[in-house]
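Fold and contact review
Next come the chains, spelled out residue by residue.
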Amino acid sequence: MKQVALVTGASRGIGRAIAVELAREGWDVCINYIQHHQAAEEAAHAVRALGRRAAVVQADVADGSAVAEMVREAERDLGPVSLVVNNAGIAGQAQFQDITDEMWNRYLAVNLGGARNTIKAVLPRMISEKAGCIVNISSIWGLRGASCEVAYACTKAGIIALTRSLAAELGPSQIRVNCVAPGVINTDMVQVLGQETLRDLAGQTPLGRLGTPEDIAHAVAFLASDKASFITGQVLTADGGFVV
Ligand code: NAP
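About the thresholds
Counting restarts for each chain, with residues numbered from 1 along the sequence as it is written. Per-residue local features of the predicted model are confined to residues with pLDDT of at least 70, and side-chain atom pairs are confined, for both listing and counting, to 80 or more; whole-chain, interface and lining totals are unaffected and use all residues. Only heavy atoms go into the side-chain values, all of them from the structure, while hydrogens and water stay out. Throughout, the protein atoms alone are placed on a 1 Å grid, and a set of points is a cavity if a 1.4 Å probe fits but cannot get out or a pocket if it is open with protein on both sides within 12 Å along at least five of seven lines; lining residues have an atom within 4 Å of a point. Grid points are joined across faces, edges and corners, and a volume is the space filled by probe spheres set on the points. Strands are runs of DSSP state E lasting at least 2 residues, helices are runs of H or I lasting at least 4, and numbering of each runs from the N terminus. Three classes are used: nonpolar for Ala, Val, Leu, Ile, Met, Phe, Trp, Tyr, Cys and Pro, charged for Asp, Glu, Lys and Arg, and polar for all others, with Gly counted as polar. Axes, fitted as lines to C-alpha atoms, cover a helix only where it is in contact. Angles between the N-to-C directions of the axes lie from 0 to 180 degrees. Angular relationships are summarised with four words: roughly parallel below 35 degrees, roughly antiparallel beyond 145, roughly perpendicular across 65 to 115, and oblique for the angles in between. The sense of a crossing depends on the near helix, which, turned anticlockwise from the far helix by less than a right angle, makes the crossing left-handed and, turned clockwise, makes it right-handed. By definition, residues are in contact when any of their heavy atoms lie within 4.5 Å. Proximity is defined per residue: any heavy atom of the residue falling within 4 Å of a molecule or strand makes that residue near it. Definition of a polar contact: a pair of N or O atoms within 3.5 Å, with one able to donate and the other able to accept a hydrogen when the atoms are protein atoms, and with sequence-neighbouring residues admitted only if both atoms are side-chain atoms. Note on areas: Shrake-Rupley with a 1.4 Å probe; residue coverage comes only from the protein chains shown. Whether a molecule sits in a cavity or pocket is decided by its atoms, more than half of which must lie within 2 Å of the grid points. A 1.4 Å probe rolled over the protein chains alone gives each residue an accessible area, and that area as a share of the maximum for its type sets the label: buried under 20%, exposed over 50%, partly exposed in between. The pairing criterion is simple: DSSP has to find at least two bridges between the two strands. Crossovers are described as right-handed under a simple rule: with the strands pointing away from the observer, the path leading from the first strand over the helix to the second runs clockwise.

Below, the discussion takes up empty space enclosed by the protein. Across all of its chains, the model carries two cavities of 30 Å³ or more by this definition. A volume near 50 Å³ is recorded for the largest cavity. Elements with a contribution of two residues or more to the lining of the largest cavity: helix 4 (101–129) and helix 5 (150–170). Top element by residues in the lining of the largest cavity is helix 4. It accounts for four residues. Its residues assigned to classes, the lining of the largest cavity shows six nonpolar, five polar and one charged. Considering only enclosed or pocket space, the second largest cavity measures out at about 40 Å³ in volume. Contributing to the lining of the second largest cavity are Gly 92, Ala 94, Ile 99, Met 103, Tyr 107, Cys 148, Glu 149, Val 150, Ala 151 and Tyr 152. Looking at which element gives the most residues to the lining of the second largest cavity, the answer is helix 5, with three residues.

Here helix 1 (residues 13–24) crosses helix 7 (residues 213–224) at 50°, and the two axes come no closer than 8 Å. As the angle between them shows, helix 1 and helix 7 are arranged oblique. Considering how the two elements wind past one another, helix 1 and helix 7 form a crossing that is right-handed. Of the residues in helix 7, those in contact with Gly 13, Ile 14, Ala 17, Ile 18, Glu 21 and Leu 22 of helix 1 are Pro 213, Glu 214, Ile 216, Ala 217, His 218, Val 220, Ala 221 and Ala 224.

A word on the site of the ligand. Around the ligand sit 33 residues, and of these Ser 11, Gln 35, Asn 87, Tyr 152 and Thr 187 come closest. Between an oxygen atom of the ligand and a main-chain N or O atom of Ile 34, the distance comes to 3.0 Å. Gly 183 places a main-chain nitrogen or oxygen 3.5 Å from an oxygen atom of the ligand. For the ligand, whose unbound accessible area comes to 910 Å², protein coverage reaches 96%. Taken atom by atom, the bulk of the ligand overlaps the largest pocket. Broken down by secondary-structure element, the contributors of at least two residues to the shell around the ligand are helix 1, strand 2 (28–33), helix 4 and helix 5. Of the residues belonging to the shell around the ligand, the class tally is 16 nonpolar, 12 polar and five charged.

Our next topic: the pairing of strand 1 (residues 4–7). Burial along strand 1 is two-sided: the face carrying Val 4 and Leu 6 and the face carrying Ala 5 and Val 7 are both buried. Judged from the four bridges that link them, strand 1 and strand 2 form a sheet pairing that is parallel. Looking at strand 2, one finds that Leu 6 is bridged to Cys 30. Since strand 1 and strand 2 lie parallel, the crossover through helix 1 that links them has a hand, and here it is right-handed.

And the structure:
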């Protein structure tokens, strides 16, 4: 059967690595991005270099109608989407009292609302076909608290609740829902922390290093594969032992 995956936020970082790893595993991939068109095209090029088909679709995952249109476009180009990886996300540090309504609402709309939007868009077909797989990207900060990360941590804890609840609801339709909780992964997202803090975080990690986007891509590819066919509702932490 033809396998088509939609990966949100796949132009850079973890999402790009997921798209490439899925292509290696035989998936055709729709690459979503919001801003960096050239980077998204380069990710698509990497997918095609592995012999798989790729589509590139711009959409703000926080916008439900844009996401519905993205899924229509992906399905026109590649065929029915049978795997969604909800990876697009934003992060930033602020003390709780400095979090504005605008920041709070945007974090929720992108990190949690984005996953809801893509799932809503692909679900009717998955339910009618009684098949499908959803992998959400949470974070260790959704598992434990983090100073100056309240808004972000709340969205990532929400992703875990979304994963577990949907797994229970969609199991009878043979749709598996899991999530990966990455530790500190060396991407653009964490560069704002500065090299000293990143060295500290690597030092606090039992395996003694930051994660790579590929570390997360491998976990996602496993959960998406038939090897995980009896696994649903789970949080797979890939963090070098940071949270044990
Ligand atoms: P990143 O390097 O900042 O890349 C973010 C990606 O998301 C980009 O492709 C970006 O597209 C896309 N994006 C951002 N907002 C979007 C929106 N509204 N609609 C569609 N796409 C959007 O981030 P990353 O480190 O790879 O993180 C990926 C995911 O892993 C996020 O959910 C993040 O919370 C999670 N995570 C990361 C870490 C870490 O340490 N890096 C740890 C735990 C969890 P453009 O290129 O077009 O801007």
